[in-house]
Amino acid sequence: MQSFDPHLILRDELSELKAYSPTAGEYEVRLDANEAPALLGSAARQRLAEVSQAVLFERYPDAGQKELRQAIATRLGVGPDQVLCGVGSDEIITLLMTVATRLRGRSPAPSIVTTTPTFVMYRLSARIRGQRVVEVPLDGDWDLAEASMLRAIEMAAPNLVFIASPNNPTGTMVSRERLETVLSAAKDALVVVDEAYIDYSSRQQLDLIESYENVAILRTLSKIGFASLRVGWIVGQPNLIAELDKARLPYNLPTVCQRLATVVVSELGSEIEAIRAAVLGERGRLRAELSSIPGLELPPSEANFLWIGLPKPAEQVFTALAERGVLVRSFHGRGGRLDRFVRVTIGTGPENDRFLQALRETL
Ligand SMILES: *Cc1c(COP(=O)(O)O)cnc(C)c1O
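Note on numbering: residues in each chain are counted from 1, in written sequence order. For this predicted model, a pLDDT threshold of at least 70 governs which residues receive local features, and a threshold of 80 or more governs which side-chain atom pairs are given and counted, while totals over whole chains, interfaces and linings are taken from all residues. Based on all heavy atoms of the structure, the side-chain values leave hydrogens and waters out of the count.

**Q** How should I be thinking about the domain arrangement of the chain in this particular structure?
**A** In many reports, interface size means the accessible area that the parts give up when they come together. Either an automatic procedure or a domain database provided the assignment from which the domain bounds are taken. Taken as a whole, the chain is organised into domain 1 (6-41 + 270-362) and domain 2 (55-267). With 31 residues of domain 1 at the contact, the number on the domain 2 side is 33 residues. Accessible area that two parts lose when put together, with a 1.4 Å probe and added across both, is what the buried area reports. Summed over both sides, the interface of domain 1 with domain 2 buries roughly 2,700 Å², with 60% coming from carbon and sulfur. Summed over the three residues of domain 1 that lose the most area to domain 2, namely I272, E302 and R337, the buried surface amounts to 26% of that side. Salt bridge, as used here, is a side-chain nitrogen of Lys or Arg placed within 4 Å of a carboxyl oxygen of Asp or Glu. Taken together, the connections running from domain 1 to domain 2 amount to 1 salt bridge. Whenever a nitrogen or oxygen atom comes within 3.5 Å of another N or O atom, the pair is scored as a polar contact, on the condition that within protein one atom can donate a hydrogen and the other can accept it, and that pairs from neighbouring residues in sequence are kept only if both atoms are in side chains. Where domain 1 packs against domain 2, one counts 11 residue pairs in polar contact (both at pLDDT 80 or more). The set of elements that each furnish at least two residues to the side of domain 1 that touches domain 2 consists of α10 (269-291), β9 (305-309) and β12 (341-345). Residues are grouped as follows: Ala, Val, Leu, Ile, Met, Phe, Trp, Tyr, Cys and Pro are nonpolar; Asp, Glu, Lys and Arg are charged; every other residue, Gly included, is polar. Residues belonging to the side of domain 1 that touches domain 2 are distributed by class as follows: 18 nonpolar, 3 polar and 10 charged. Note on contacts: a residue pair qualifies if any of its non-hydrogen atoms lie within 4.5 Å across the two residues. A run of H or I in DSSP counts as a helix once it spans at least four residues, and a run of E counts as a strand once it spans at least two, with each numbered from the N terminus.

What follows is the structure, encoded as structure tokens:
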């Protein structure tokens, strides 16, 4: 057979990356991916089944995502020309990085600025396109380190600035004042505020689009009960959305996903509210239980998970929990203060109890 080494043609950055893979294996309690607990009622399931059944399987999806964009726009009180949907917000992140590639400042590659720790897709997506990534560490309270952020923006001259608020994995929101300072300073960049967890937070940031043309908001159905649909979207000014739309694959969102997401957004508000209320209730309860365990640190959570500082190395706790059938997310090996924190998704009451019991045995 004639041999061929794919590395001959592939970009160098691939060698520094690993494929994204959720932890494999069977666990009775999975609290590692920030999905919502499975609480969807039977009437809602029935409605979704009906809609799936009416899909024209022979036809391509609506390339313009018209119905879904309209439903989202109506729900948010913006124009449909301010919304663009992707296969999860992940696709929107990659789309932004595909088109925002100006060489600016002194860097030989286009740059993005983000924080650390934060959602790994920003870095992954940028590196795979050969972009430079400047990661600014969050401060002691896991909030934006304003001065360092402003310096990074000045030095790197990024096309894009990514800020998750509420942030993953810390669960904290960026303070409004610091966010606005960054928006004002990054005049020549698009600042993307990722609101994947906004339904679990105590305040909104969407109104920023009324005051800053250089802001865009990312949202998703993934963390509020519909991760299977892979539907996320960006809200921004119409001339940005129109340009992004040129680079989007025309049939990116399957018909089933568009139709079901439309139903979720326009009809299942009370279902989402019920999921939200259940998660917030459990989050409060779990937090109260955890605060009676000595040695834990519990930053405030504005998301559907807790970021828990441990009196022991995260790796040990992660492994001991896994041995008891409870999977959480650990970032050990990343060094520094991350080596003592785990991220735990809020599950159902019984799942959270299993976690609590396993943690007590472990510490
Ligand atoms: C989970 C997550 C997403 C992923 O969203 P998808 O819509 O599932 O692609 C985006 N941003 C943050 C901060 C997340 O934690």
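Here the narrative resumes, following the displayed structure.
**Q** What's the story with empty space enclosed by the protein in this structure? I'm lost.
**A** To locate leftover empty space, one rolls a probe as large as a water molecule over the atoms. Space inside and on the surface of the protein is sampled on a 1 Å grid over the protein atoms alone, with a cavity defined as a set of points where a 1.4 Å probe fits but cannot get out and a pocket as an open set with protein on both sides within 12 Å along at least 5 of 7 lines; lining residues have an atom within 4 Å of a point. Grid points are joined across faces, edges and corners, and a volume is the space filled by probe spheres set on the points. With the rule as written, the count across this model stands at 1 cavity of 30 Å³ or more. In this model, the largest cavity occupies a volume close to 50 Å³. Per-element tally for the lining of the largest cavity: the top contributor is strand β3 (residues 111-116), with 3 residues.

**Q** Can you help me understand the pairing of strand β6 (residues 190-194) in this one?
**A** In regular strands, side chains alternate between the two faces of the sheet. Here the term buried applies to any residue with accessible area under 20% of the maximum for its type, exposed to any over 50%, and partly exposed to those in between, with areas from a 1.4 Å probe on protein chains only. Across the 5 residues of β6, 5 count as buried, placing the element largely inside the fold. Where burial is concerned, the two faces of β6 agree: the one with L190, V192 and D194 and the one with V191 and V193 are both buried. Across 5 bridges, strand β5 (residues 160-164) lies against β6 in parallel orientation. Bridged to V161 within β6 is V191. Regarding the hand of the β-α-β motif, the stretch spanning β5, helix α6 (residues 176-185) and β6 is right-handed. Direction of pairing for β6 relative to strand β7 (residues 215-220): parallel, over a ladder of 4 bridges. Considered in β7, the bridge of V192 is made with A216. Two strands pair if DSSP finds at least two bridges between them. The definition of a right-handed crossover adopted here requires that, viewed with the strands pointing away, the path from the first strand over the helix to the second runs clockwise.

**Q** Looking at this structure, I do not really get the side chain of R248. What am I missing?
**A** Secondary-structure assignment places R248 in the loop between α8 (238-247) and α9 (255-267). Since its relative accessible area comes to 8%, R248 is described here as buried. A polar atom in the side chain of R248 sits 2.9 Å from the side chain of N252.

**Q** Just to check I follow, could you spell out the layout of surface pockets for this structure?
**A** Taken as a whole, the largest pocket holds about 1,300 Å³ of empty space. Those elements giving two or more residues to the lining of the largest pocket turn out to be α3 (88-99), α4 (121-128) and β11 (329-330). Looking at side-chain class alone, the lining of the largest pocket contains 16 nonpolar, 12 polar and 14 charged residues. Here the lining of the largest pocket gathers at least three residues from each of two domains, domain 1 (6-41 + 270-362) and domain 2 (55-267). Reported here for the second largest pocket is a volume of approximately 320 Å³. L40, R45, G225, F226 and S228 are the residues nearest the centre of the second largest pocket, which is lined by 16 residues in total.

**Q** I tried to follow the packing of aromatic side chains on my own but got confused; where do I start?
**A** Each Phe, Tyr or Trp ring (for Trp, its six-membered ring) is paired with any other whose centre lies within 6.5 Å, and the angle between the two planes then decides the class: stacked below 30 degrees, edge-to-face above 60, tilted in between. Under the defined criterion, the tally for this structure stands at 8 aromatic pairs. Considering the side-chain rings of W142 and W307, the 5.6 Å spacing of their centres and the 80° angle between planes classify their relative orientation as edge-to-face. Here W307 lies in strand β9 and W142 lies in the loop between β4 (132-137) and α5 (146-156), a separation of 165 residues in the sequence. For the pair W142 and W307, a shared accessibility class is recorded, and that class is buried. The interplanar angle of 80° and the centroid separation of 5.2 Å between the aromatic rings of W142 and F341 together place this pair among those described as edge-to-face. Of this pair, W142 sits in the loop between β4 and α5 while F341 sits in strand β12; the two residues are 199 residues apart in sequence, bridging distant segments of the chain.

**Q** How should the sheet that holds β12 be read in this particular structure?
**A** The strands that make up a sheet pair up through hydrogen bonds in the backbone, lying either parallel or antiparallel. Read across the sheet, 3 strands follow the order β9-β12-β11 without closing on themselves; strand pairing throughout is antiparallel. Both edges of this open sheet fall to β9 and β11, since each of them pairs with a single strand only. When β11 meets β12, the two strands line up antiparallel, connected through 2 bridges. Considered in β12, the bridge of R329 is made with R343.

**Q** What exactly am I supposed to notice about unusual backbone geometry here?
**A** What you tend to see is this: most non-glycine residues have negative phi, and most peptide bonds are trans. Omega for the bond connecting T116 with P117 falls within 30 degrees of zero, at 0°, which places this linkage in the cis form. Structurally, P117 can be placed in the loop between β3 and α4. Here the amide bond leading from N168 into P169 is cis, since omega sits at 15°, within 30 degrees of zero. In this fold, P169 is placed in the loop between β5 and α6. In this model, N34 sits at a positive phi of 60°, which is unusual for a non-glycine residue. Note on placement: N34 falls in the loop between β1 (29-30) and α1 (42-53). Unusually for a residue other than glycine, Q65 sits at a positive phi of about 50°. When you line up the elements, Q65 lands in the loop between α1 and α2 (66-76).

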